[in-house]
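Report on the structure
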Amino acid sequence: MVNKSFSKIIILISGSGSNLQSIIDNSDNIGVNIQSVISNKADAFGLKRAKNAGIATKVIERKQFATDKDFDYALIRYINTLNPDLIVLAGFMHILTTKFINTFAGQILNIHPALLPKYKGLNTHQRAIDAGDSKAGASVHFVTNELDSGEIILQRSVPIDLDDNAATLAKKVLEQEHILYLEAIQKVLQR
Ligand code: GRF
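The following refers to the structure shown. Since the structure is predicted, the reported quantities are computational estimates derived from the model, not experimental observations.

Inspection of the region around the ligand gives S16, G17, S18, N19, G91, I111, H112, P113, L174 and E177 as its neighbouring residues. I111 is positioned with one of its backbone polar atoms (N or O) 3.0 Å from a nitrogen atom of the ligand. At 2.8 Å from an oxygen atom of the ligand is found a side-chain nitrogen or oxygen belonging to E177. For the ligand, whose unbound accessible area comes to 370 Å², protein coverage reaches 81%. Judged by the proximity of its atoms to the pocket grid, the ligand belongs to the largest pocket. Among the secondary structure elements, those contributing two or more residues to the shell around the ligand are α1 (18-25), β5 (108-112) and α7 (166-189). Each residue belonging to the shell around the ligand can be placed in one class, and the counts come to three nonpolar, six polar and one charged.

Rendered as structure tokens:
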């Protein structure tokens, strides 16, 4: 039975969904009820994770629509039927329209694999190594109309070792992401 004091969240994914899995595994502890997992890729492994946990899934693919606007309107319509407290982007590889972001202003969280404001966008781990940084990490932030630039809620960092490459660093950061997202969701829900 769903505890009525739990907050309602939906999670948007495109791929593996390891962050999704961490939230599924800890949902009771952090007081969230995952209403639905939405993927913009029909073959995203995260959909299997959701189904295994008995969570509703929905595939909404960009190719079903003529424009980004039409795609985002379909997302908005579906999300409005659920009326979640929070929209959690977890490896969701699509840049949302202004309309989407304004509709759910202050309710959309994203996890980014860098210590923002450094390394917005892609290839964050290689860029941190190339720059000679001594540490890397991940950030959870509110989503605004400027890419990876909304208010930072929390960050976790890891050291960059001399023998790290982009793959080893990504693995270390991802382990921290799984803890970070739980902490950040709790922090936002306690506001
Ligand atoms: C993570 O590195 C996250 O920071 C980025 O996409 C990746 C998603 O991984 N936005 P997963 O699908 O949660 O395993």
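Right, picking up where we left off after that structure.
Moving on to the pairing of strand β2 (residues 32-39). Successive residues of a regular strand alternate their side chains across the two faces of the sheet. β2 sits mainly inside the fold: seven of its eight residues count as buried. Looking at chain direction, strand β1 (residues 7-13) and β2 are connected through seven bridges and run parallel. Among the inter-strand pairings, I9 is bridged to a residue of β2, identified as I34. Where β2 and strand β3 (residues 57-59) come together, three bridges link them in parallel fashion. Of the residues in β3, the one forming a bridge with V37 is T57. Handedness of the crossover joining β2 and β3 through helix α3 (residues 45-52) is recorded here as right-handed.

Let's shift gears to the environment of L86. The topology assignment puts L86 in strand β4 (residues 86-89). Setting aside residues up to four positions removed in sequence, L86 forms contacts with K8, I9, I10, Q107, L109, I185, V188 and L189.

The residue I179 is located in helix α7 in this model. Since its relative accessible area comes to 37%, I179 is described here as partly exposed. As for I179 and S22, which are separated by 157 residues in sequence, their C-alpha atoms are 7.8 Å apart.

Attention shifts here to the layout of surface pockets. In this structure, the largest pocket occupies an estimated 890 Å³ of space. Contributing to the lining of the largest pocket are 37 residues, with G91, F92, M93, N110 and I111 lying nearest its centre. At the level of elements, α1, α5 (98-103), β5, α6 (124-130) and α7 are the ones that each hand at least two residues to the lining of the largest pocket.

Rules and cut-offs
- Residues numbered from 1 in each chain as written.
- Predicted model: local features only at pLDDT ≥ 70, side-chain atom pairs only at ≥ 80, totals over all residues.
- Heavy atoms only, no water.
- Near = heavy atom within 4 Å.
- Polar contact = N/O pair within 3.5 Å; in protein donor to acceptor, adjacent residues only side chain to side chain.
- Areas by Shrake-Rupley, 256 points an atom, 1.4 Å probe, with all protein chains shown as cover.
- 1 Å grid on protein atoms, 1.4 Å probe; cavity = no way out; pocket = protein on both sides within 12 Å on 5 of 7 lines; lining within 4 Å.
- Sits in = over half its atoms within 2 Å of the grid points.
- Helix = DSSP H or I, 4+ residues; strand = E, 2+ residues; numbered from the N terminus.
- Nonpolar A, V, L, I, M, F, W, Y, C, P; charged D, E, K, R; others polar.
- Buried < 20%, exposed > 50% of the residue type's maximum accessible area, 1.4 Å probe, protein only.
- Pairing = 2+ DSSP bridges.
- Right-handed = clockwise from strand over helix to strand, strands pointing away.
- Contact = heavy atoms within 4.5 Å.
- Points joined across faces, edges and corners; volume = space filled by probe spheres on them.

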